[in-house]
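Coordinate analysis (summary)
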Amino acid sequence: MSSACHAHPDDRPVQSEPASRETSDLDAAFREHAAALLQFLRRKASPQEAPDLVQEVFARAAGSAQRHSLVNPGGFLRRIAQNLLIDRSRKVHRHGAPEVSFCEERDFAAPPQQEWSMEAADLMSLYEAAVDSMSPRTREVFLMHRVDELTYREIHEHLGISVATVEYHMMKALAHIAQAVDYTR
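Residues numbered from 1 in each chain as written. Predicted model: local features only at pLDDT ≥ 70, side-chain atom pairs only at ≥ 80, totals over all residues. Heavy atoms only, no water.

Within a pair of aromatic rings, the relevant descriptors are the distance that separates the centres and the angle that separates the planes. Taken as a whole, this structure holds 1 aromatic pair when the rule is applied. Taking the ring centre of Phe40 as reference, the NZ or CZ of Arg78 above it sits at 3.9 Å. (Phe/Tyr/Trp six-rings, centres within 6.5 Å; stacked < 30°, edge-to-face > 60°. Lys NZ or Arg CZ within 6 Å of the ring centre and 35° of its normal.)

Below, the structure is given as structure tokens:
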């Protein structure tokens with residue numbers, strides 16, 4: 001008998017397990033929304049950084065506890081992208097722009113980068129104004145979750161309010177910020 005005709009039992013292809021529902025939902029969301037996110041991030045960041053930022057958006061989405069109950073995956077991904085841009089803006093604002101030497105023969109003015117920095121600063125101002133204009137309880141819940149990085153359960157225990165109330169205040173805060181920032185512009 002020829003070994004080419006008969007496969008050894010160990011040579012059979014391994015059948016992989018079906019992907020979990022959440023992985024397939026995230027895959028579907030990626031296929032459906034990646035191009036729009038890439039275009040959005042190219043406008044808001046830079047064409048070179050946009051692909052990496054899209055990957056970061058989906059990495060954050062995969063790690064989110066909310067990924068199991070998404071009604072609007074596109075909006076959820078867009079919100080993550082905006083939060084990522086806000087985080088980057090904060091980091092630049094905190095650490096300042098890096099010092100770079102300039103050589104006239106090699107370098108030239110880059111107005112788009114300057115425009116992006118201005119847009120990021122404007123977005124940050126809108127974000128801060130929106131947070132400042134929230135009701136005290138909503139602002140407290142929002143900041144505990146986003147700045148102090150407490151879970152909804154930890155906020156519930158700390159403030160003595162139900163988890164549903166924490167969720168209500170977070171939805172109210174995010175809607176308020178979305179309206180103030182007007183991410184459709």
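This paragraph deals with the packing of helix H5 (residues 136-146) against helix H7 (residues 163-181). In the contact formed by H5 and H7, the axes pass within 9 Å of each other and the chain directions differ by 95°. The orientation of H5 with respect to H7, classified from their angle, is roughly perpendicular. Along the contact surface, H5 presents Arg137, Thr138, Val141, Phe142, His145 and Arg146, while H7 presents Val166, His169, Met170, Lys172, Ala173, Leu174 and Ile177. Residues belonging to the contact of H5 with H7 are distributed by class as follows: 7 nonpolar, 3 polar and 3 charged. (Axes fitted to C-alpha atoms, helices over the stretch in contact; angles between N-to-C directions. Helix = DSSP H or I, 4+ residues; strand = E, 2+ residues; numbered from the N terminus. Parallel < 35°, antiparallel > 145°, perpendicular 65-115°, else oblique. Contact = heavy atoms within 4.5 Å. Nonpolar A, V, L, I, M, F, W, Y, C, P; charged D, E, K, R; others polar.)

Phi is positive for Glu149, close to 60°, though the residue is something other than glycine. If you trace the backbone, Glu149 turns up in the loop between H5 and helix H6 (152-159).

A separate point is the packing of H5 against H6. Contact geometry for H5 and H6: axes closest at 10 Å, N-to-C directions at 130°. Put simply, H5 runs oblique to H6. The chirality of how H5 crosses H6 is right-handed. Contacts from Arg137, Glu140, Val141, Met144 and His145 of H5 reach H6 at Tyr152, Ile155, His158 and Leu159. When the residues that make up the contact of H5 with H6 are grouped by side-chain class, the tally is 5 nonpolar, 2 polar and 2 charged. (Left-handed = near helix turned anticlockwise from the far one by under 90°.)

Considering only enclosed or pocket space, the largest pocket measures out at about 1,200 Å³ in volume. Gln66, Asn83, His145, Arg146 and Leu174 are the residues nearest the centre of the largest pocket, which is lined by 30 residues in total. Of all the elements in the fold, those that place two or more residues in the lining of the largest pocket are helix H2 (50-63), helix H3 (73-95), H5 and H7. Take the lining of the largest pocket: its biggest share by element is 8 residues, from H3. Within this model, the second largest pocket holds a volume of roughly 500 Å³. Breaking the lining of the second largest pocket down by element, the ones donating at least two residues are H3 and helix H4 (111-132). Take the lining of the second largest pocket: its biggest share by element is 10 residues, from H4. For the lining of the second largest pocket, the residue count by class is 8 nonpolar, 5 polar and 7 charged. (1 Å grid on protein atoms, 1.4 Å probe; cavity = no way out; pocket = protein on both sides within 12 Å on 5 of 7 lines; lining within 4 Å. Points joined across faces, edges and corners; volume = space filled by probe spheres on them.)

Looking at the protein as a whole, the pLDDT averages 77, with 75% of positions reaching at least 70. Within the protein, the lowest mean pLDDT, 77, falls on helix H1 (residues 21-44), and the highest, 95, falls on H6. For the stretch residues 1-19, pLDDT sits under 50, and the model shows 1 contact to residues farther than four places along the chain or on other chains. (pLDDT = per-residue confidence, 0-100.)

Oppositely charged side chains may form a pair once their charged atoms are brought near each other. According to the stated counting rule, one finds 5 salt bridges in the structure shown. Salt-bridge contacts for Asp87 lead to Arg90; the nearest nitrogen and oxygen are separated by 3.8 Å. With Asp87 and Arg90 both in helix H3, this residue pair falls 3 residues apart, about one helical turn. For Asp87, a relative accessible area of 29% corresponds to the partly exposed category. Residue class for Arg90 comes out partly exposed when judged on its relative accessible area of 23%. The partner of Glu140 in a salt bridge is Arg137, with the nearest N and O atoms 3.5 Å apart. In this pair, Glu140 and Arg137 are both assigned in helix H5, 3 residues apart and thus about one turn of the helix distant. Under the relative-accessibility criterion, Arg137 is labelled partly exposed at 33%. (Salt bridge = Lys/Arg side-chain N within 4 Å of Asp/Glu carboxyl O. Buried < 20%, exposed > 50% of the residue type's maximum accessible area, 1.4 Å probe, protein only.)

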